[in-house]
Amino acid sequence: MNTIVDTNYNFPNQKSVYKGKVREVYNINDDLLVMIATDRLSAFDVVMPRGIPFKGQILNQIATKMMKATEDIVPNWLINTPDPNVAVGHLCTPFKVEMVIRGYLSGHAAREYKVGKRMLCGIAMPYGMKENDKFSKPIITPSTKADNGEHDEDISREEILSKGIVSEEDYIVLEAYTHKLFQRGTEIAAERGLILVDTKYEFGKTKDGEIVLIDEIHTPDSSRYFYAEGYTDRQQKGESQKQLSKEFVRQWLISKGFQGKEGQQIPEMDDEYIKSVSDRYIELYENITGERFVKADVSEVAKRIEKNILTYLNR
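Bear in mind the structure is a predicted one, so any value in this text is a computation, not a measurement. (Residues numbered from 1 in each chain as written. Predicted model: local features only at pLDDT ≥ 70, side-chain atom pairs only at ≥ 80, totals over all residues. Heavy atoms only, no water.)

K.L.:
Would you mind going over the overall build of the protein in detail, with residue names and values included?
P.N.:
When you go through the protein residue by residue, the secondary structure sums to eight helices and 17 strands. Projected onto the principal axes, the alpha-carbon positions of the protein cover approximately 60 × 50 × 45 Å. Across the 315 residues that make up the protein, the buried fraction comes to 52%. Put simply, of all contacts in the protein between residues at least 6 apart along the chain, 64% involve residues at least 24 apart. In the form shown here, the protein has an accessible surface area of approximately 15100 Å², with 46% of it arising from carbon and sulfur atoms. (Helix = DSSP H or I, 4+ residues; strand = E, 2+ residues; numbered from the N terminus. Buried < 20%, exposed > 50% of the residue type's maximum accessible area, 1.4 Å probe, protein only. Contact = heavy atoms within 4.5 Å. Areas by Shrake-Rupley, 256 points an atom, 1.4 Å probe, with all protein chains shown as cover.)

K.L.:
Any details on the packing of aromatic side chains? Residues and values, ideally.
P.N.:
Applying the stated criterion to the full structure yields 11 aromatic pairs. On the numbers, 6.2 Å between centres and 75° between planes, the contact of Tyr104 with Phe226 is edge-to-face. You can see Tyr104 sitting in strand S9 (residues 97-104) and its partner Phe226 sitting in strand S16 (residues 223-227), a full 122 residues away along the chain. Phe226 matches Tyr104 in its accessibility class, with the two residues each being buried. In textbook terms, an aromatic cluster arises when at least three aromatic residues are bridged by ring pairs, as seen for Tyr9, Phe11 and Tyr26. Just above the ring of Tyr113 sits the side chain of Arg118; from NZ or CZ to the centre is 3.6 Å. Above the ring of Tyr227, the side-chain terminus of Lys242 is found at 4.6 Å from the ring centroid. (Phe/Tyr/Trp six-rings, centres within 6.5 Å; stacked < 30°, edge-to-face > 60°. Lys NZ or Arg CZ within 6 Å of the ring centre and 35° of its normal.)

K.L.:
Provide a residue-level description of the pairing of strand S7 (residues 86-90), including the pertinent values.
P.N.:
When a strand is regular, its side chains alternate between the sheet's two faces. Burial within S7 is extensive, with four of its five residues counted as buried. Of the strand pairs in this sheet, strand S3 (residues 32-37) and S7 are connected by five bridges, and their pairing is antiparallel. Residue pairing for S7: Met35 is matched across the bridge by Ala87. In this structure, the hairpin formed by strand S6 (residues 78-83) and S7 is closed by a connection of two residues. (Pairing = 2+ DSSP bridges.)

K.L.:
Go over the packing of helix H1 (residues 55-70) against helix H4 (residues 168-191) with me, naming the residues and quoting the values.
P.N.:
It is at 11 Å that the axes of H1 and H4 come closest, and there the two elements cross at 110°. Relative to H4, the element H1 lies roughly perpendicular. The interaxial crossing formed by H1 with H4 has right-handed handedness. Judged by residue contacts, Met66, Ala69 and Thr70 of H1 engage Leu181, Arg184 and Ile188 from H4. (Axes fitted to C-alpha atoms, helices over the stretch in contact; angles between N-to-C directions. Parallel < 35°, antiparallel > 145°, perpendicular 65-115°, else oblique. Left-handed = near helix turned anticlockwise from the far one by under 90°.)

K.L.:
How would you explain the packing of helix H6 (residues 247-255) against helix H7 (residues 271-289) if you had to name every residue and give the values?
P.N.:
One way to put it is that H6 packs onto H7 with a least axis distance of 11 Å and a crossing angle of 150°. Judged by the inter-axis angle, H6 sits roughly antiparallel to H7. Across the interface between the two elements, Phe248, Val249 and Trp252 of H6 pack against Tyr273, Val277, Arg280, Tyr281 and Leu284 of H7.

K.L.:
Kindly report on the layout of surface pockets, identifying the contributing residues and their values.
P.N.:
The volume enclosed by the second largest pocket comes to roughly 410 Å³. The wall of the second largest pocket is formed by 24 residues, among which Glu131, Asn132, Ser240, Gln241 and Gln243 lie closest to the centre. Those elements that provide at least two residues to the lining of the second largest pocket are helix H2 (107-114), S16, strand S17 (243-244), H6 and H7. Of the residues belonging to the lining of the second largest pocket, the class tally is five nonpolar, nine polar and 10 charged. (1 Å grid on protein atoms, 1.4 Å probe; cavity = no way out; pocket = protein on both sides within 12 Å on 5 of 7 lines; lining within 4 Å. Points joined across faces, edges and corners; volume = space filled by probe spheres on them. Nonpolar A, V, L, I, M, F, W, Y, C, P; charged D, E, K, R; others polar.)

K.L.:
Hey, could you go over unusual backbone geometry for me, with residue numbers and the actual values?
P.N.:
We note that Asp30 has phi near 50°; this positive angle belongs to a residue other than glycine. Its location among the elements puts Asp30 in the loop between strand S2 (23-28) and S3. Positive phi is not limited to glycine here, since Cys121 has a value of about 55°. Considering the arrangement of structural elements, one finds Cys121 in the loop between strand S10 (119-120) and strand S11 (123-124).

Below is the structure:
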């Protein structure tokens with residue numbers, strides 16, 4: 001159960017550190033960003049009290065594999081991965097929106113649909129849909145990029161532009177990149193017998209003004225996958241879809257009366273449940289990448305990460 005849930009490093013030429021819900025980002029000399037994927041688990045924009053063994057490694061390794069698999073169509077921030085939990089890339093100024101794209105009526109969209117809403121982020125959702133039905137074409141439903149501890153909120157393209165959060169010129173690029181990445185992700189998933197249901201992308205600008213993909217891509221934390229085999233049959237029978245995502249954690253929390261709302265208590269996660277979540281993330285890794293997961297040595301995980309980053313920076 002040895003996990004890394006917090007870091008407090010002081011690297012040479014370190015300017016600042018930003019701690020998000022899961023990742024911690026160290027600014028090195030206003031030039032490089034060192035991003036550490038911790039084992040923290042976040043759901044409903046709330047960080048759970050206990051870490052999940054190997055979760056950070058899983059997220060980091062999926063994200064870096066997917067960045068390499070999409071760098072021919074969309075530029076990204078990544079330079080190197082000196083540790084299983086670490087990515088090093090170009091310093092970027094992030095856009096304050098997350099580009100959420102949905103191919104199916106699932107998750108948050110389905111919950112909104114169920115309570116009678118037919119507009120999501122200014123996009124009309126057709127009448128007569130069932131949960132997990134496919135949209136005729138993918139829809140982009142952006143959300144605000146909340147600071148730590150706050151909730152992301154749905155926002156429309158029109159609001160983003162009218163509030164000056166992103167310029168129209170830049171937003172057109174974000175939309176185009178989002179559609180390109182989702183199409184490539186859909187193709188990669190199909191090769192693994194999976195359906196990429198929905199996902200989110202984050203983008204930033206380099207010092208040279210180039211818009212690039214940052215953070216994570218096509219991980220189980222940022223994406224939802226269905227098993228392709230049996231999808232149509234399950235939809236016709238009104239059955240739940242077999243899926244690969246963090247949704248299983250959300251559903252467990254909902255069953256325990258927690259959805260991140262004020263006054264709700266986070267249910268206790270015992271050792272057995274923590275291990276089951278870790279095992280599920282390993283299953284997600286192996287299905288999404290098509291490769292066997294190799295556990296890194298976590299006997300002294302914090303020291304290992306620090307040593308590998310220092311070795312890289314000193315090179």
